[in-house]
Amino acid sequence: MKKKRPEGSLAVFPGSFDPITNGHLDIVDRGLAVFDRVRMAILMNPEKQPLFSVEERVAIIREAYRGNPRVEVDTFSGLLVDYASRVGASVIIRGLRAISDFEYEFQMALMNRRLNPQIETVFMMPAESYSYVSSRLVKEVFQLGGRVSDLVPPVVERRLSEKYGTPIRAGRVRGKRAR
Ligand code: PNS
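The structure presented is a predicted model; accordingly, all values stated were derived computationally and were not measured.

Draft legend 1. Spotlight on the overall build of the protein. Counting secondary structure elements, the protein contains 6 helices and 7 strands. Starting at the N terminus and ending at the C terminus, the protein contains elements arranged as β-α-β-α-β-α-β-α-β-α-α-β-β. For the protein, the C-alpha radius of gyration of 17 Å lies close to 16 Å, the compact-globule estimate for 179 residues. The contacts in the protein between residues at least 6 apart in sequence include a share of 74% that link residues at least 24 apart. Carbon and sulfur atoms make up 52% of the accessible area of the protein, which amounts to about 11,000 Å² in all. Mean positive and mean negative side-chain charge positions of the protein (29 and 21 charges, respectively) differ by 4 Å.

Draft legend 2. Up close: the side chain of Lys139. Relative to the helices and strands, Lys139 is located in helix H5 (residues 135-143). Non-local contacts of Lys139, meaning those with residues more than four positions away in its chain, are made with Asp18, Pro19, Leu51, Leu160 and Tyr164.

Draft legend 3. Geometry of the site of the ligand. By nearness alone, 13 residues border the ligand, and Gly15, Ser16, Leu80, Arg94 and Met108 come closest of all. A distance of 2.6 Å separates an oxygen atom of the ligand from a polar atom in the side chain of Ser16. At 3.0 Å from an oxygen atom of the ligand is found a side-chain nitrogen or oxygen belonging to Arg94. Out of a free accessible area of 550 Å², the ligand has 75% covered by protein chains. Considering each element in turn, the shell around the ligand owes the most residues, 3 residues, to helix H4 (residues 99-115). Residue composition of the shell around the ligand, by class: 7 nonpolar, 4 polar and 2 charged.

Draft legend 4. Spotlight on the packing of H5 against helix H6 (residues 154-164). One way to put it is that H5 packs onto H6 with a least axis distance of 11 Å and a crossing angle of 55°. For the element pair H5 / H6, the angle class is oblique. With respect to the hand of their crossing, H5 and H6 are arranged in right-handed fashion. In this structure, H5 uses Val138, Lys139, Phe142 and Gln143 to contact H6, whose residues at the interface are Glu157, Leu160, Ser161 and Tyr164. Its residues placed into classes, the contact of H5 with H6 shows 4 nonpolar, 2 polar and 2 charged.

Draft legend 5. Molecular detail of the packing of aromatic side chains. Evaluated as defined, the whole model comprises 4 aromatic pairs. A ring pair is formed by Phe13 and Phe17, whose centres lie 5.1 Å apart and whose planes are at 75°; its orientation type is edge-to-face. There is no split in this pair, since Phe13 and Phe17 are both buried. Ring centres of Phe102 and Phe106 lie 5.0 Å apart, and the angle between their planes is 20°; on these two criteria the pair is classed as stacked. Here Phe106 and Phe102 lie together in helix H4, a separation of 4 residues that amounts to about one turn. According to the relative accessible area criterion, Phe102 is partly exposed, its value standing at 35%. You can call Phe106 partly exposed: its relative accessible area is 40%.

Draft legend 6. Representation of the nonpolar core within the structure. Phe13, Ile20, Val28, Met40, Ile61 and Ile93 are the most contacted members of the largest nonpolar core, which totals 33 residues. Not counting chain neighbours up to four residues away, the residues in contact with Ile93 comprise Ala11, Val12, Phe13, Pro14, Ile27, Gly31, Phe35, Val38, Val122 and Met124. In this structure, Leu10, Phe76, Leu80 and Ile119 belong to the second largest nonpolar core, which totals 11 residues.

About the thresholds
- Within each chain, residues carry numbers counting from 1 in the order of the written sequence.
- Two thresholds apply to this predicted model, a pLDDT of at least 70 for residue-level local features and 80 or more for giving and counting side-chain atom pairs, whereas whole-chain, interface and lining totals are computed over all residues.
- Side-chain measures were taken over the full set of non-hydrogen atoms in the model, leaving aside hydrogen atoms and water.
- Going along the chain from the N terminus, every DSSP run of H or I of four or more residues is numbered as a helix, and every run of E of two or more is numbered as a strand.
- We compute the radius of gyration over the C-alpha atoms and compare it with the globule rule, which gives 2.2 Å times the number of residues raised to the power 0.38.
- Residue contacts follow a heavy-atom distance rule, with two residues in contact if any of their heavy atoms lie within 4.5 Å.
- For accessible areas, the Shrake-Rupley method is used with a probe of radius 1.4 Å. Any residue's cover is judged against the shown protein chains and nothing else.
- Only four residue types enter the tally: Lys and Arg on the positive side, Asp and Glu on the negative side, with His and both chain ends excluded.
- By convention, charge coordinates are those of NZ in Lys, CZ in Arg, CG in Asp, or CD in Glu.
- Whether a residue is near a molecule or strand depends on its heavy atoms: it is near if one of them lies within 4 Å of it.
- Polar contact criterion, stated in full: a pair of N or O atoms within 3.5 Å, where within protein one must be able to donate a hydrogen and the other to accept it, and residues adjacent in sequence count only if both atoms are side-chain atoms.
- When residues are sorted by character, Ala, Val, Leu, Ile, Met, Phe, Trp, Tyr, Cys and Pro go into the nonpolar class, Asp, Glu, Lys and Arg into the charged class, and all the rest, Gly among them, into the polar class.
- For helices, the axis comes from a line fit to the C-alpha atoms of the stretch in contact; other axes are also lines fit to C-alpha atoms, and the angle between any two N-to-C directions lies between 0 and 180 degrees.
- These descriptions rest on fixed angle ranges, namely under 35 degrees for roughly parallel, over 145 for roughly antiparallel, 65 to 115 for roughly perpendicular, and the rest for oblique.
- Two helices cross in a left-handed way if the nearer one is turned anticlockwise from the farther one by less than a right angle. They cross in a right-handed way if the turn is clockwise.
- What counts as a ring pair is set by centres within 6.5 Å for rings of Phe, Tyr and Trp (its six-membered ring), and what kind of pair is set by the plane angle: stacked under 30 degrees, edge-to-face over 60, tilted for all other angles.
- When accessible area is computed with a 1.4 Å probe and restricted to protein chains, residues below 20% of their type maximum are described as buried, those above 50% as exposed, and intermediate ones as partly exposed.
- Joining through side-chain atoms within 4.5 Å is the link that ties buried Ala, Val, Leu, Ile, Met, Phe, Trp, Tyr and Cys residues into a set, and such a set is a nonpolar core.

Nothing here speaks to function; it is all geometry.
Okay, structure coming up:
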């Protein structure tokens, strides 16, 4: 009889996720089509000044994926490959939105391979409609009063509103009624 792997395949999807966008969620969905579990791993980076604390980012991701046991969230510091091997993941997922992402991602993937050849980086492309979406732009647009509801899950829009103390902007985009 074929032996079942105890926990199935696990891929780590690392990032800053400050905050998650629909582009990240799209990559998670694609990851779930290939791997049994996807673990979003938030880098604890004392050199960065994030908008959301690590705890807030964990809570946001938990809320976005409530009820989906195949998506996990965790934090890490130190080398990503060390984290991945510690948790039993042999794959790192990274999203590639455009050619401009490629150089940095390629360098990182090769460095990670040098550090640990057992761990493979898999690049996934989000839907074209997310090719211009980044956490940085979402924060900037929201802060300046723009509508981001098609770009982030509802929990992020609510948290942005609480963080900046500004209301969520409703309205129509290109003839579509905002949800
Ligand atoms: O969302 P980001 O900020 O583009 O994610 C970058 C991240 C977290 C994937 C990268 O900075 C990382 O892996 N940092 C951990 C430290 C490490 O392993 N450095 C060597 C990688 S070549």
